[in-house]
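Examination of the molecular architecture
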2 protein chains.
Amino acid sequence: MTTQQLIEQIQIKKSFLCVGLDVDLTKIPQHLLSTEDPIFEFNKAIIDATHDLCVAYKPNIAFFEAYGIKGWQALQKTIDYINQYYPNLFTIADAKRGDIGNTSSMYAKAFFEDLEFDSVTIAPYMGKDSVEPFLAFEGKHTIMLALTSNEGAFDFQTLNVNGKELYKQVIETSKTWKNSENLMYVVGATKAEYFTEIRKIVPDSFLLVPGVGAQGGSLQEVCKYGMNKNVGLLINSSRGIIYTSNGEDFAQKAREEALKLQQEMEDILKTHQS
Amino acid sequence: MTTQQLIEQIQIKKSFLCVGLDVDLTKIPQHLLSTEDPIFEFNKAIIDATHDLCVAYKPNIAFFEAYGIKGWQALQKTIDYINQYYPNLFTIADAKRGDIGNTSSMYAKAFFEDLEFDSVTIAPYMGKDSVEPFLAFEGKHTIMLALTSNEGAFDFQTLNVNGKELYKQVIETSKTWKNSENLMYVVGATKAEYFTEIRKIVPDSFLLVPGVGAQGGSLQEVCKYGMNKNVGLLINSSRGIIYTSNGEDFAQKAREEALKLQQEMEDILKTHQS
C-alpha cells in the first residue's frame, strides 16, 4: 500500500486508528481455547468486528513467536486473512528488528515477501546498513523506533548528543539514508509534548503512535502537537480494544471501544480540516 | 547452562569458538535441497562435524524466519538436536529483540521456554524495562548489543553523550539493572582497539564477538585487548566456517576451518595461562 492510498483510507474512514493484535492465550475468551487455532480465531473475530473503524492492523510478533510453530502459523493465517478480505487495511509487523546488512535483508524478506506485510518496525541502534536493506523494498514501509512510549525511553533515547537528544539525532540521520522516503517513525503517545520538536525534523512523515489507552497517552494531546496536513498519524491501541471483554461478546465489545476512538478521531479531523 | 559451566567447557575443549548458523538456501550444497528439511540437514551436518571444536552455536534467527513456518520448524529441530545430543554446547538465539515490558516477556518466553535456548541477543535502544524481562529468567543469559561489527555502528553507538561514547553509557547503565549478572555484551571484532576501554567497565563479563573472518576482524587483536582471567570471550564465525565448500564435502571443510580457529585459540590460551 502506498502512502497516498493510506491517506485516502484515512479520509474515507474518518479514522487513523491502528488496532494492535497482541494475542495472549491467558487473556482471550476461554471458549476459543477449544478451537483448532485460538489465536487466529480471536484475531479473525476482532478484525471482522473492527475493520471499518480502523485503517491499520499491527500484529505484535512476540505474541506469536511465544507460541512457537503454532504461533507462526497463526501469524501467517492472520496476515493472509487481512490481505485477502480487507486489502485496504495497512498492515504492520511490529517486530522491532535490525541487524547487519545481510541479516536485515533476511528479516525484510520474512516480513515483506514471505508474510506480505506492508510495513515492519525496526530498531535504529545498529545504524544505516542495518536499516537500508528494509528501505530497499519498493512499496513497503519501514517504521523506525524514535521515541518510545515506555519508561526506559529515558535511559538512552533522550541523552544529549551533539547538543540535541539522541532520538532527534536518530531521526535526522535517518533522513540521509537511501530510500528514506519509505521511513515512518515510532513516537509514543506518552510523550505528547515532544511531537512539536519531532515535526520540525519530519513534518511530512507518518508517525506510528503507541501508548494511547493502557499506557496512559492522550489522543487529544498527540493530535494537537503531532498532526500534519495529511494527518500523518497512526494511533495504535491494543489492549484497550481487544481485551475489553473476555466473554462471548468480546468482539462486539472490542468494536464498541474502537468506535469510541474512531468517533473521537472523526471529531478531531473535522476541527483539523476546517 | 551457567557461566561457570561455560568456562569449564572452554577449558576442556581449549576453544572459545561459537559457530554461527546463518543458513541461506542459495548458498548450501545443492544436493541437500532435495531432502525434506534442507536447513535442518545442513545444520545437523555442520553440528556433527564441529561440536568438539566449539563451545557454542548461534542460529541467526532471521535466516530461519525468512523461510516462514518451514524455517521456524527447522529452528526448532536445530535447537532440539543440539540440546539432545550435545547438551554441553552453549546456545545463542541471535535475534536482536527488545520491546516494551510485556512484549519483551513474550520474546523471552519464545526463546528461553519454548525453544530452550541458553541465551538471546537483544538491542538496548528501549532501555531498562525492555531488557529486564529477559534478565528475570534464572540460568539464562541476555546478550546485549554494545558496539557492533558493522559500519553503521558509528552512526549512533559512538556518539558522545555525557562526555563518553554511547556504547559505554549503554554498558554502564545496564550494570544497574536488576539481575544484571545475567548480561553478556556483543562487541564486534572489527573494533579490537575498543576492547581495552570496554574491559574497564565490565572486566568480568562475557563478550560475544562477531566479525572475525568474513567481516575482517582479527582473532589475535581481540584476544590481546579483550581476554580476561576466565577468557570471557565467545568468538563467532559464521560464513567463514559454514560456507567453505558447497559440495558434498561441505561439513568436512567446515570442520577444517573450525579446527584452524580452535588451534589458534589453543595457542592463545597457552600463552594467556602461562
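Residues numbered from 1 in each chain as written. Chains lettered and ligands numbered in written order. Predicted model: local features only at pLDDT ≥ 70, side-chain atom pairs only at ≥ 80, totals over all residues. Heavy atoms only, no water.

Per an unreviewed UniProt entry, chain A goes by the name Orotidine 5'-phosphate decarboxylase and belongs to Flavobacterium terrae. UniProt's Catalytic activity (unreviewed entry) comment on chain A is quoted here verbatim: "orotidine 5'-phosphate + H(+) = UMP + CO2". Turning to chain A, the UniProt record has this under Sequence similarities (unreviewed entry): "Belongs to the OMP decarboxylase family. Type 2 subfamily." (UniProt positions renumbered as here; feature names shortened; annotations may be inferred.)

**Brief notes about the UniProt feature "active site" (unreviewed entry) in chain A**
Mapped onto this structure's residue numbering, the UniProt feature "active site" (unreviewed entry) falls at Lys-96 of chain A. If sequence neighbours within four positions are ignored, Lys-96 of chain A has contacts with Thr-121, Ile-122, Ala-123 and Leu-145 of chain A together with Lys-96, Gly-98, Asp-99 and Met-126 of chain B. At 2.8 Å, the side chain of Lys-96 of chain A and the side chain of Asp-94 of chain A are in polar contact. (Contact = heavy atoms within 4.5 Å. Polar contact = N/O pair within 3.5 Å; in protein donor to acceptor, adjacent residues only side chain to side chain.)

**Some points on the packing of aromatic side chains**
With the rule as written, the count across this model stands at 21 aromatic pairs over all chains. Centre to centre, the rings of Phe-40 of chain A and Tyr-81 of chain A are 5.8 Å apart; their planes meet at 80°, and the pair counts as edge-to-face. With Phe-40 of chain A in helix H2 (residues 38-50) and Tyr-81 of chain A in helix H4 (residues 68-85), this residue pair connects regions lying 41 residues apart in the sequence. Neither residue differs from the other here; Phe-40 of chain A and Tyr-81 of chain A are each classed as buried. Aromatic pair Tyr-167 of chain A and Tyr-194 of chain A: ring centres 5.9 Å apart, planes at 75°, arrangement edge-to-face. One end of the pair, Tyr-167 of chain A, is in helix H8 (residues 166-174); the other, Tyr-194 of chain A, is in the loop between strand S8 (183-187) and helix H9 (195-201), with 27 residues separating them in the sequence. Here Tyr-167 of chain A matches Tyr-194 of chain A in class, with each residue buried. Ring pairing ties together the aromatic residues Trp-72, Phe-111 and Phe-117 of chain A together with Trp-72, Phe-111 and Phe-117 of chain B, which thus form one cluster. (Phe/Tyr/Trp six-rings, centres within 6.5 Å; stacked < 30°, edge-to-face > 60°. Helix = DSSP H or I, 4+ residues; strand = E, 2+ residues; numbered from the N terminus. Buried < 20%, exposed > 50% of the residue type's maximum accessible area, 1.4 Å probe, protein only.)

**What about the UniProt feature "domain: Orotidine 5'-phosphate decarboxylase" (unreviewed entry) in chain A?**
UniProt's feature table lists "domain: Orotidine 5'-phosphate decarboxylase" (unreviewed entry) at residues 16-254 of chain A, given in the numbering used throughout. Each end of residues 16-254 of chain A is marked by a C-alpha atom, and these two atoms are 17 Å apart; helix forms 39% of the span and strand 19%.

**What about the pairing of strand S1 (residues 17-21) of chain A?**
Residue and element names in this part refer to chain A. The buried count for S1 comes to five of five residues, which makes it a mostly enclosed element. Side chains of S1 alternate between two faces, with Leu-17, Val-19 and Leu-21 and Cys-18 and Gly-20 buried alike. Sheet topology places S1 next to strand S10 (residues 233-237); three bridges connect them, and they run parallel. By the bridge assignment, Val-19 is partnered in S10 with Ser-237. One ladder, built from four bridges, connects S1 with strand S2 (residues 56-59); its direction is parallel. Across the sheet, the residue bridging to Cys-18 is Ala-56, located in S2. Where the polypeptide runs from S1 across H2 and back to S2, its parallel neighbour, the crossover connection is right-handed. (Pairing = 2+ DSSP bridges. Right-handed = clockwise from strand over helix to strand, strands pointing away.)

**Comments concerning the relation of the copies chain A and chain B**
Between the two copies, chain A and chain B, the superposition gives an RMSD of 0.0 Å; the rotation angle is 180° and the shift along the axis is 0.0 Å. Read as a symmetry element, the transformation amounts to a two-fold axis. Closest to the rotation axis within chain A is the C-alpha of Val-161 of chain A, separated from it by 2.6 Å. (Least-squares fit on C-alpha atoms with pLDDT ≥ 70 in both.)

**Remarks on the pattern of salt bridges**
Side chains carrying opposite charge are able to pair once their charged atoms draw close together. All names here are of chain B. According to the stated counting rule, one finds 30 salt bridges over all chains in the structure shown. Between Lys-77 and Asp-37 there is a salt bridge, and its shortest N-O distance comes to 3.0 Å. Taken together, the residues span a long stretch of sequence, with Lys-77 in helix H4 (residues 68-85) and Asp-37 in the loop between strand S1 (17-21) and helix H2 (38-50) at a distance of 40 residues. Exposure remark for Lys-77: the relative accessible area of 36% places this residue in the partly exposed category. (Salt bridge = Lys/Arg side-chain N within 4 Å of Asp/Glu carboxyl O.)

**A closer look at the interface of chain A and chain B**
Taken together, the contact between chain A and chain B spans 57 residues of the former and 57 residues of the latter. Both faces combined, the contact of chain A with chain B buries some 4900 Å², and carbon together with sulfur accounts for 63% of it. Contact with chain B buries surface across chain A, with Met-106, Tyr-125 and Phe-156 of chain A losing the most and accounting together for 18% of the total. Between chain A and chain B we count four salt bridges in total. At eight residues, helix H5 (residues 101-114) of chain A tops the list of elements feeding residues into the side of chain A that touches chain B. Taken together, the residues that form the side of chain A that touches chain B break down as 26 nonpolar, 18 polar and 13 charged. (Buried area = accessible area lost by both parts, 1.4 Å probe. Nonpolar A, V, L, I, M, F, W, Y, C, P; charged D, E, K, R; others polar.)

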